[in-house]
Amino acid sequence: MNIKQVEDYEAMSIAGAQLIMETVKRLENPVLGLATGSTPEGVYKQLIDAYQRQQVSFRETTTFNLDEYVGLAGEDPNSYRYFMDDKFFDHIDINKQQTFVPNGKADDLQQECEQYEQRLKDHQEIDLQVLGIGVNGHIGFNEPGTSFKTRTHVVNLAPSTREANARFFNSMQEVPEQAITMGIATIMKSEKIVLLVSGEKKARALDQLLHGDVTEEFPASILQTHDNVQIIADKAALSKVRV
Ligand code: F6R
């Protein structure tokens, strides 16, 4: 894993956006894996700016999001489909038909997971996957204890993850209990992975990722075994990293 240390959240966002733009410009039909959450928001802002300055076009880009809450429709402001449209897709020239987010309202969730995997295969997998990390080491919604062999699947969200995400909902009761997520094996098939980490809150997780064992108890640790991972972390996130 290659680590790029940057000053702060903004510098992380600029560096992340640059990496994405390089990929989008280099490939004829780029396939991006995208994340939601607070961490990549700044990256999407940078990319929108670059698009508006005509530095990049997403016309030929396909995207696959990592995850979606079960039970929330795309029009629900708390759904990840809504997040992506609102924070990114609605402001660039991407073909919305080429932006894939798992359907949390599918009648048959199992079938939805299988179709998502098939669609990824049809696109020859992901060229660049953007990841954030949970304080418990989750990637996507793959919580501690998830098998490294998983493909896209339905998960029960850990109480700590529901609590961490409750800030977006009116009450804890409204936070969904399940989600669909790309599996760890799905994520690991990506050609390249960029992990964005910002803030002291993530410092212990980053230290464990860099120095801990590879174990299903800390899902992100699998990234140690991928041969093309770029970590972009700010000073606060690196503040507890043992040297
Ligand atoms: C989001 C996702 C999650 C987040 C993680 C960190 O699509 O899959 O794994 O990346 O929970 O979230 P933030 O960035 O809000 O700290």
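Relevant structure appears above.
Given the structure is predicted, the values throughout are model-derived calculations rather than measurements. (Residues numbered from 1 in each chain as written. Predicted model: local features only at pLDDT ≥ 70, side-chain atom pairs only at ≥ 80, totals over all residues. Heavy atoms only, no water.)

**Concerning the side chain of threonine 150**
With respect to the element layout, threonine 150 can be found in the loop between β6 (128-131) and β7 (153-156). At a separation of 3.1 Å, a polar atom in the side chain of threonine 150 contacts the main-chain amide nitrogen of isoleucine 184. (Helix = DSSP H or I, 4+ residues; strand = E, 2+ residues; numbered from the N terminus. Polar contact = N/O pair within 3.5 Å; in protein donor to acceptor, adjacent residues only side chain to side chain.)

**Considering unusual backbone geometry**
Look at glutamine 124: it is not a glycine, yet its phi comes out positive at around 55°. With respect to the element layout, glutamine 124 can be found in the loop between α4 (109-122) and β6. One non-glycine residue, glutamate 125, adopts positive backbone phi at about 70°. Among the structural elements, glutamate 125 can be located in the loop between α4 and β6. Look at glutamate 125 and you get buried, because its relative accessible area is 14%. (Buried < 20%, exposed > 50% of the residue type's maximum accessible area, 1.4 Å probe, protein only.)

**As for the pairing of β6**
The two faces of β6 match: Leu128 and Val130 on one face and Gln129 and Leu131 on the other face are all buried. As defined by bridge partners, strand β2 (residues 31-34) adjoins β6 across 2 bridges and the pair is classed as parallel. What sits directly across from glycine 33, in β6, is glutamine 129. Looking at chain direction, β6 and strand β9 (residues 192-197) are connected through 4 bridges and run parallel. Note that in β9 the partner of leucine 128 across the bridge is lysine 192. (Pairing = 2+ DSSP bridges.)

**Re the sheet that holds β6**
The parallel open sheet is built from 7 strands, whose spatial order is β1-β10-β9-β6-β2-β3-β5. The strands lining the two open edges of the sheet, one partner per strand, are β1 (2-6) and β5 (99-100). Sheet topology places strand β3 (residues 62-65) next to β5; 2 bridges connect them, and they run parallel. Bridged to threonine 63 within β5 is threonine 99.

**Quick word on the nonpolar core**
In this structure, Leu206 and Ile231 are the most contacted members of the largest nonpolar core, which totals 33 residues. Secondary structure elements with two or more residues in this core: α4, α6 (184-188), β9, α7 (203-211) and β10 (229-234). For this core, the element with the highest residue contribution is α7, accounting for 4 residues. Counting residues in each nonpolar core, the second largest holds 28 residues, with Leu19, Leu34, Leu47 and Leu196 among its members. (Core = buried A, V, L, I, M, F, W, Y, C linked by side-chain atoms within 4.5 Å.)

**A short note on the sheet that holds strand β8 (residues 178-181)**
The strand order across the open sheet built from 3 strands is β4-β8-β7, with neighbouring strands paired in antiparallel fashion. Every other strand in the sheet has two partners, leaving β4 (67-69) and β7 as the edge strands with one partner each. The mean angle between the axes of side-by-side strands here comes to 25°, regardless of whether they run parallel or antiparallel. When β4 meets β8, the two strands line up antiparallel, connected through 3 bridges. Bridged to glutamate 68 within β8 is isoleucine 180. (Axes fitted to C-alpha atoms, helices over the stretch in contact; angles between N-to-C directions.)

**Some details on the site of the ligand**
Close to the ligand lie 13 residues, the nearest being Thr39, Asp67, His138, Gly140 and Lys202. Separating an oxygen atom of the ligand from a side-chain N or O atom of threonine 39 is a distance of 2.4 Å. Take arginine 167: an N or O atom from its side chain is 3.4 Å from an oxygen atom of the ligand. Each residue belonging to the shell around the ligand can be placed in one class, and the counts come to 3 nonpolar, 7 polar and 3 charged. (Near = heavy atom within 4 Å. Nonpolar A, V, L, I, M, F, W, Y, C, P; charged D, E, K, R; others polar.)

**Some remarks on the environment of asparagine 65**
Mapping asparagine 65 onto the fold places it in strand β3. The exposure class assigned to asparagine 65 is buried, which follows from its relative accessible area of 0%. Sequence separation between asparagine 65 and asparagine 165 is 100 residues; the distance between their C-alpha atoms is 17 Å. Here asparagine 65 is in contact with Leu34, Ala35, Thr36, Met84, Phe89, Phe100, Val101, Pro102, Tyr116 and Met182, once residues within four sequence places are set aside. There is a polar contact of 3.3 Å between the side chain of asparagine 65 and the backbone oxygen of leucine 34. (Contact = heavy atoms within 4.5 Å.)

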